[in-house]
Amino acid sequence: MDDSKFFIIGANGQLGTALREKYPNARFADVGQLDITNRESVENFDWSETDIILNAAAYTNVDGAETDEGRKAAWKVNATAVSYLVSACLEHNMTLVHISSDYVFDGTVDPHTEDEDFTPLSIYGQSKAAGDIAVGTLQSHYILRTTWVIGEGKNFVRTMLGLAEKGVSPTVVSDQIGRLTFTSELVRAIDHLLTTAAPFGTYNVTNSGENVSWAEITRQIFADAGYDSLTVGDISTAEYFAGKSGIAPRPLCSKMDLSKLQATGFKSHDWHDDLADYIARQEQ
Ligand SMILES: NC(=O)c1ccc[n+]([C@@H]2O[C@H](COP(=O)([O-])OP(=O)(O)OC[C@H]3O[C@@H](n4cnc5c(N)ncnc54)[C@H](OP(=O)(O)O)[C@@H]3O)[C@@H](O)[C@H]2O)c1
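Cut-offs applied
- Residues numbered from 1 in each chain as written.
- Predicted model: local features only at pLDDT ≥ 70, side-chain atom pairs only at ≥ 80, totals over all residues.
- Helix = DSSP H or I, 4+ residues; strand = E, 2+ residues; numbered from the N terminus.
- Rg over C-alpha atoms; globule rule 2.2 N^0.38 Å.
- Buried ≥ 20, exposed ≤ 12 C-beta atoms within 10 Å, placed from the backbone.
- Contact = placed C-beta atoms within 7 Å.
- Near = placed C-beta within 6 Å.
- Nonpolar A, V, L, I, M, F, W, Y, C, P; charged D, E, K, R; others polar.
- Axes fitted to C-alpha atoms, helices over the stretch in contact; angles between N-to-C directions.
- Parallel < 35°, antiparallel > 145°, perpendicular 65-115°, else oblique.
- Left-handed = near helix turned anticlockwise from the far one by under 90°.
- Core = buried A, V, L, I, M, F, W, Y, C linked by C-beta atoms within 7 Å.

Below, the discussion takes up the overall build of the chain. Along the backbone of the chain there are ten helices and twelve strands. Its C-alpha radius of gyration of 19 Å places the chain within 12% of the 19 Å reference for a compact globule of 284 residues. In terms of overall dimensions, the chain has a C-alpha envelope of 55 × 40 × 35 Å along the principal axes. The buried share of the chain, reckoned over its 284 residues, is 41%.

Okay, here's the thing in structure tokens:
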């Protein structure tokens, strides 16, 4: 594919960074160069050289979105701005690749398929669901619905490695169940959908492998990184957040059915393998 016709938005985030690596000839911008919440900036942007917008921009602070300021920002970036991108795609005949989240569901269905109804619990989840609805009005779109993203940036694996370095044996939530999604897996899936010209629409994308809790993932992180003397305690989500205010409700089941993506010929990577590679790279 001619990646010089790609435009990456939110280029400095975890996914944006991985997309820039994969598509070195793509043009890109982060909020400093193109603030997608500014309607005029999106309308007046020179899209003449772009065939495909890869939207990696989002307001991703799940608890922050529960504040007055955060609620406004989440809705602006995750919903209203996405409608501006949809309008630009319609006007300039571009395809939109967009990223959704398991937080658009309440976590009571096991596993999640692409046609499940929206039931978001949190403001972040509501704003992401609204963005998905806007993207769905465009014919030429791919929505990749993902969970627990790990790449270059602040993320769960790095937080746990940081605790381990300090010798902390943490207590970790053990009743939210899902899989990690490395940005490398998201980029492979985006590239696969585009290069095979798969039917437009929504696809669940996570790494494959056993669905487990955050506590079990932490045990695997510590095993891979050689912190054999540290232990990981289990705690329920309700107990973990008891007495804390401003915490967004989280779906307990984040298990994603990957069969639609795999039916297009995509071979998912097991999260255990990508985690081991990721930890080896952190140690270099
Ligand atoms: N992280 C997860 O666990 C997770 C789980 C499920 C789904 N997702 C989805 O996956 C996608 C990628 O997530 P990620 O982890 O890569 O996010 P991320 O690291 O937080 O990156 C988001 C990027 O968007 C930029 N951005 C924010 N507001 C913007 C605006 N108005 N205009 C342009 N850019 C703006 C941010 O810039 P600043 O940093 O300067 O604000 C940041 O560089 C998102 O759609 C997210 O909702 C993530």
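Turning our eyes to something else, we now look at the environment of V86. Structurally, V86 is set in helix α3 (residues 68–92). For V86, a count of 21 C-beta atoms within 10 Å corresponds to the buried category. In this structure, the C-alpha to C-alpha distance between V86 and L96, residues ten residues apart in sequence, is 7.4 Å. Those residues in contact with V86, other than ones at most four positions away along the chain, are L96, A134, V135, T137 and L138.

A few words on the site of the ligand. Taken together, the neighbourhood of the ligand is formed by 27 residues, with G10, G13, Q14, A57 and A58 sitting nearest. Top contributing element to the shell around the ligand by residue count: helix α1 (residues 14–22), with three residues. Class assignment of the residues belonging to the shell around the ligand gives a composition of 13 nonpolar, eleven polar and three charged.

Interaxial distance between helix α5 (residues 156–165) and helix α7 (residues 214–225) falls to 10 Å at its minimum, and their mutual angle equals 60 degrees. The angle between α5 and α7 places the two elements in the oblique class. Handedness of the α5/α7 crossing: right-handed. Facing F156, V157, M160, L161 and A164 of α5, the residues of α7 in contact are W214, T218, I221, F222 and A225. In terms of residue class, the contact of α5 with α7 is built from nine nonpolar, one polar and no charged.

Mapped onto the fold, S41 is located in helix α2 (residues 39–44). If we ignore the near neighbours within four places in the chain, the residues touching S41 are L34 and D35.

Among the nonpolar cores identified, the biggest contains 73 residues, and I8, I9, I53, L54, A56, L85 and L144 are the most heavily contacted of them. Counting residues per element, this core draws most heavily on α3, which supplies nine residues. Residues in contact with I8, not counting those within four places in the same chain, are G16, L19, R20, A26, F28, L54 and A56.

Within the fold, S127 resides in helix α4 (residues 123–136). Judged by local crowding, S127 falls into the buried class, with 28 C-beta atoms found within 10 Å. Taking C-alpha positions, S127 is 5.5 Å from N78, a pair spaced 49 residues apart along the chain. In contact with S127, not counting residues within four places along its chain, are A65, A74, W75, N78 and A79.

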